[in-house]
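# Fold and contact review
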Amino acid sequence: MMDFLPIFLNVKGKLCLVVGGGEVAARKAGVLLDAGAKVRVVAPQIKGSLLAQQGVESIVARFDALHLEGIALVIAATDDRSINQQVSEQAHARNIPVNVVDDPELCSFIMPAILDRSPLMVAFSSGGASPVLTRMMRGMLESMIPQNYSRLAAFAERFRQQVKQRVTNPAKRRIFWENALEGVVAEKVLTGDENSAEAMLQKMLEDEDNIQRGEVYLVGAGPGDPDLLTFRALRLMQKADVVVYDNLVSKPIVEMTRRDAERIFVGKKRADHTLRQEEINALLVRLAKDGKRVLRLKGGDPFIFGRGGEEIETLAAEGIPFQVVPGITAASGVASYAGIPLTHRDYAQSCMFVTGHLKDGTMNLDWAALARPKQTVVVYMGLHGLDTLCAQLIAHGMPETTPIAIVQQGTTRNQRVFTGTLHTLPGIAKREQPQAPTLIIIGGVVKLREKLQWFHPQGDE
Ligand code: SAH
């Protein structure tokens, strides 16, 4: 059974009474004013900030039943229980809804915590059971319902009538709005580009005869730790019909996709995946054409050694709507969890991301550029060529004492960091056999780890 009936009350232009003149009273008066009420404040002493508020009528006096004349709603916020009790009794006697702050027994209604995304409004409450829990709930809701959902609600409101006239079948209209509010149109509104959103919506209205929801989200899932997902990634993960993922996406992250979504594993091994990639591209196209909302989950960032460009090229050619969501790339996630700043005024003014694994399987890098001093080099997919990498850098003038690290499965619970020099690390790697995926970081900044690792929860060996 519910302890209270949640309702939203229209108090626009109504006179509401706040008894009390302190901080809490001021806050309550503020909420009432935000909701468009007129406010009468009664107390022997009233805070200056309250007096200065527009729309506040203040009466400097002790509370008297007379003050309830013409009042639609009362909040008692004094620190004197006997006065609060008096307010409560008098209000009850007149059937005026009354709230006494922090005293549920004296209340005929309680004030919920609110998350204001007007015209969208979330009101919630633990019925006084646990304010801390209520605060935690607010945090959860804050992250689930982005700030600019108010824009989205206002946008939907603007076109409501037009859509209703155009799409007369209610079932179809529902799908239309789902497509608009969960798809690319919504993403445009959420990023502030309402003009494009409107153009898309109008276009959708024009071909409402063939309403279909097929689209692809190319989403960067970060390097492993689910906490490193973006809000946008999470939102799209929750609404996809199909999830297409490979071995770089960590299990806990796959688990966070919509429960009833179909999951398709398209794991790739190092080497020999030219054809596979084409198959993946074709799969995405086919699923979207079936009308599915397809989540293509990629490790790290889709546009950094993720072949994201190739995947969306096919989609664009086929006229399938898609969006790309950036993720924290391995270099940045792994470096911070390993205590290695990628740049540092004393050691590195620039940072290069290179891949040690080329299309034809060789490692054909611009060695002279990589060997320059005062920079950090991050090598993706480099473990296989570690010996060549170290030998070539030394041959091109990098001191063999240059610090270098291999980070295995960075940001996950299995993170391990192996450090050495260009001279020693190949031997260490042979002995320790780091587990994929691994990232290689080269440069003076690696040394900083000795100072910084202890402050990180994942610091190891
Ligand atoms: N798009 C991805 C990179 C894909 S290439 C990104 O932006 O991060 C795959 C390579 O990324 C792996 O071979 C490895 O070098 C690196 N990598 C990805 N996740 C990693 C992790 N958690 N720890 C270490 N290296 C990682």
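The structure this text deals with has already been given above.
Residues numbered from 1 in each chain as written. Predicted model: local features only at pLDDT ≥ 70, side-chain atom pairs only at ≥ 80, totals over all residues. Heavy atoms only, no water.

## Quick notes on the site of the ligand
Counted only if it meets this: Distances are taken per atom, and a residue is near a molecule or strand as soon as one of its heavy atoms is within 4 Å of it. In protein, a polar contact requires one atom able to donate a hydrogen and another able to accept it; more generally it is a pair of N or O atoms within 3.5 Å, and residues adjacent in sequence count only if both atoms are side-chain atoms. The protein chains shown are the only cover counted for residues, whose accessible areas, like all others here, come from Shrake-Rupley with a 1.4 Å probe. Per the convention used, a helix needs a DSSP run of H or I reaching at least four residues, while a strand needs a run of E reaching at least two, with both numbered from the N terminus. Side-chain classes follow a simple rule in which Ala, Val, Leu, Ile, Met, Phe, Trp, Tyr, Cys and Pro form the nonpolar group, Asp, Glu, Lys and Arg form the charged group, and the remainder, Gly included, forms the polar group. For the domain bounds, the source is a domain assignment made automatically or taken from a database.
The environment of the ligand is formed by 19 residues, the closest being Pro223, Asp301, Ile304, Thr329 and Thr438. Taking Pro223, its main chain carries an N or O atom lying 2.8 Å from a nitrogen atom of the ligand. At 2.8 Å from an oxygen atom of the ligand is found a main-chain nitrogen or oxygen belonging to Ala330. Against a free-state accessible area of 550 Å², the protein chains account for coverage of 92% of the ligand. Every element with two or more residues in the shell around the ligand is listed here: helix 13 (330-338) and strand 17 (438-442). Residue composition of the shell around the ligand, grouped by class: 11 nonpolar, seven polar and one charged. Of the residues that make up the shell around the ligand, three or more belong to each of domain 3 (215-328) and domain 4 (331-452).

## Focus: the environment of Ser143
Stated precisely, the cut-off is as follows: Each residue is assigned to one of three classes by its accessible area relative to the maximum for its type, calculated with a 1.4 Å probe on protein chains only: buried under 20%, partly exposed between the two thresholds, exposed over 50%.
Along the polypeptide, Ser143 turns up in helix 4 (residues 131-144). For Ser143, a relative accessible area of 31% translates into the label partly exposed. Sequence spacing of Ser143 and Ala261 is 118 residues, and the spatial spacing of their C-alpha atoms is 22 Å.

## Some words on the pattern of salt bridges
Put simply, the test is: What counts as a salt bridge is simple: a side-chain nitrogen of Lys or Arg found within 4 Å of a carboxyl oxygen of Asp or Glu.
Across all of its chains, the model carries 22 salt bridges by this definition. Between Glu142 and Arg117 there is a salt bridge, with the nearest N and O atoms lying 3.1 Å from each other. In this pair, Glu142 sits in helix 4 while Arg117 sits in strand 6 (residues 113-117), placing the two residues 25 residues apart along the sequence. You can call Glu142 partly exposed: its relative accessible area is 33%.

## Some details on the pairing of strand 4 (residues 73-76)
To keep things clear, this is the line we draw: The rule for pairing is simple: two strands pair if DSSP sees at least two bridges between them. If the strands point away from the viewer and the path from the first strand over the helix to the second runs clockwise, then the crossover is right-handed.
What you see with strand 4 is no split at all: Leu73 and Ile75 on one side and Val74 and Ala76 on the other are buried throughout. Of the strand pairs in this sheet, strand 1 (residues 15-19) and strand 4 are connected by four bridges, and their pairing is parallel. Across the sheet, Val18 pairs through a bridge with Ile75, a residue of strand 4. Two strands pair when backbone bridges link them, and strand 4 and strand 5 (residues 98-100) are joined in this way by three bridges, in the parallel orientation. Paired with Val74 across the bridge in strand 5 is Val98. As a crossover connection, the stretch from strand 4 through helix 3 (residues 81-93) into strand 5 is right-handed.

## Some details on the nonpolar core
Most often, soluble globular proteins keep nonpolar side chains buried together rather than apart. Short version of the rule: Among buried residues, those of type Ala, Val, Leu, Ile, Met, Phe, Trp, Tyr and Cys that are joined through side-chain atoms within 4.5 Å constitute a nonpolar core. By definition in these notes, contact holds between two residues if any of their heavy atoms fall within 4.5 Å.
If you look at the biggest cluster of nonpolar residues, it comprises 22 residues, and the most contacted ones within it are Leu386, Leu389, Leu393, Ile404, Ile440 and Ile442. Every element with two or more residues in this core is listed here: helix 14 (367-370), strand 14 (375-380), helix 15 (386-395), strand 15 (403-408), helix 16 (425-432) and strand 17. Ranked by residue count, the leading element in this core is helix 15, at four residues. Those residues in contact with Leu393 that sit more than four places away from it in its chain are Trp367, Leu370, Ala371, Met398, Leu422 and Ile442. With 19 residues, the next largest nonpolar core counts Ala29, Val41, Val56 and Ile75 among its residues.

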